[in-house]
Amino acid sequence: MMETQETIREIKKQFRLFMNGVVSQSMREKGLDYKVNFGIELPRLKEIAGKFEKNHDVAQALWKENIRECKILAGLLQPVETFYPEIADIWIEDMHYPEIAELTSMNLFQHLPYISDKIFQWIADEREYFQLCGYLTMARLLMKGVEMNERAENEFLDQALTALQDADGRVCRAASTSLQKYASQQLAHAQKLAKMLPSVVGTGKTEAVLLMEEVKLQIEYLR
């Protein structure tokens, strides 16, 4: 426990060295009301994380702090081997800002060995940040070329198109992004999505209209 606390103190020393008051103030003005926000840019945070070994206890302690940089580093320093599914849910329950959802999905969630199953639980959840992490992580997997079997593919399309039609704001945009990544994988995907989109486009949702245009361009590109 002493070693964990010492590491946390060392990490916070690094934060104070690179704090950026201008960025921090700008974030506060945009509604990012952390207890503490050092305003450190992401490349610098990755550089700081690179000075420390991945450690479960350190990552868990960092996550519990209501400090922007602590939560970002938690995702960078958490070993996937000890990040059990129930812990992933607890972390999402404690998310309050889209930046943390996006960075944790990128730095940690996409690398979890059980994430393929977890994503479908998240996108079917009614809570905003569960859906958001589900679609953000799905987009990451699709970018890496991960393919789904037919059943999983149909479930994903059904959930994402429903979100595109019914959800607002962040979840709608994340669902749209994941669908775009799906369409970009191969021509058959783009063509399948193009056939399903008109009913959603008819609702007049901006994200649906923009996605339809992207899919059309993708079809032309993949042919």
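You'll find the structure just up there.
Note that the structure is a prediction, hence the values are computed from the model and not measured. (Residues numbered from 1 in each chain as written. Predicted model: local features only at pLDDT ≥ 70, side-chain atom pairs only at ≥ 80, totals over all residues. Heavy atoms only, no water.)

1. Re the pattern of salt bridges
We apply this condition: Note on definitions: salt bridges are taken to be side-chain nitrogens of Lys or Arg within 4 Å of carboxyl oxygens of Asp or Glu. Working definition: helices are DSSP H or I runs of at least four residues, strands are E runs of at least two. Numbering for both runs from the N terminus. Categorising residues by exposure relies on relative accessible area from a 1.4 Å probe, with only protein chains included: less than 20% of the type maximum marks a residue as buried, more than 50% marks it as exposed, and the intermediate range marks it as partly exposed.
Scanning all chains against the criterion turns up 14 salt bridges. Among the ionic pairs, Arg-170 bridges to Glu-128, the shortest N-O distance being 3.0 Å. With Arg-170 in helix α11 (residues 169-185) and Glu-128 in helix α9 (residues 128-143), this residue pair connects regions lying 42 residues apart in the sequence. Classification of Arg-170 as partly exposed rests on a relative accessible area of 32%. Accessibility expressed as a relative area gives 34% for Glu-128, which makes it partly exposed. Look at the salt bridges and you will find they share partners, linking Arg-68, Glu-69 and Glu-99 into a network.

2. A word on the side chain of Thr-137
Of note, Thr-137 is situated in helix α9. With relative accessibility at 0%, the residue Thr-137 sits in the buried group.

3. Examining the environment of Glu-93
Spelled out, the test is: Contacts are assigned to residue pairs with any non-hydrogen atoms lying within 4.5 Å of each other.
Following the sequence through the fold, Glu-93 ends up in helix α6 (residues 85-93). Considered as a pair, Glu-93 and Phe-130 are 37 residues apart in the sequence and their alpha carbons are 7.8 Å apart. Dropping the residues within four chain positions of it, Glu-93 is found in contact with Arg-127 and Phe-130.

4. Describing the side chain of Gln-110
Applicable threshold: Here a polar contact is taken to be a pair of N or O atoms separated by no more than 3.5 Å, where protein atoms must pair a possible hydrogen donor with a possible acceptor and residues adjacent in sequence count only if both atoms sit in side chains.
Counting through the fold element by element, Gln-110 comes out in the loop between α7 (98-107) and α8 (115-123). Look at Gln-110 and you get buried, because its relative accessible area is 10%. In terms of polar contacts, Gln-110 uses its side chain to reach the backbone carbonyl oxygen of Met-106, at 2.7 Å. A polar contact is formed between the side chain of Gln-110 and the side chain of Lys-144, at a distance of 3.4 Å. Not counting residues up to four positions away in its chain, the partners in contact with Gln-110 are Ser-105, Ile-115, Thr-137, Arg-140, Leu-141 and Lys-144.

5. Considering the packing of aromatic side chains
Quick reminder of the rule: Aromatic rings from Phe, Tyr and Trp, with only the six-membered ring used for Trp, were paired whenever their centres fell within 6.5 Å, and each pair was classed as stacked if the ring planes differed by under 30 degrees, edge-to-face if by over 60, and tilted otherwise. Counting as a charge over the ring demands two things of the Lys NZ or Arg CZ atom: a distance within 6 Å of the ring centre and an angle within 35 degrees of the ring normal.
Per the counting criterion, the structure on display carries 5 aromatic pairs. Both rings, one in Phe-83 and one in Phe-109, keep their centres 6.2 Å apart while their planes meet at 35 degrees; by these two values the pair is tilted. Of the two residues, Phe-83 sits in the loop between α5 (68-77) and α6 while Phe-109 sits in the loop between α7 and α8, which places them 26 residues apart along the sequence. Among the aromatic residues, those joined into a cluster by ring pairs are Trp-63, Phe-83, Trp-91, Phe-109 and Trp-122. For Lys-71, the ring lying beneath its charged end belongs to Trp-63, and the centroid distance is 4.3 Å.

6. Let's talk about the nonpolar core
The line we're drawing: In plain words, nonpolar cores are sets of buried Ala, Val, Leu, Ile, Met, Phe, Trp, Tyr and Cys residues tied together by side-chain atoms within 4.5 Å.
Counting 72 residues, the largest nonpolar core has Leu-73, Phe-109 and Phe-156 as the members making the most contacts within it. Sort the elements by how many residues they give to this core and α9 lands first, with 8 residues. Among all residues touching Phe-156, those that are not within four sequence positions of it are Phe-120, Tyr-135, Met-138, Leu-142, Met-148, Ser-178, Leu-179 and Tyr-182.

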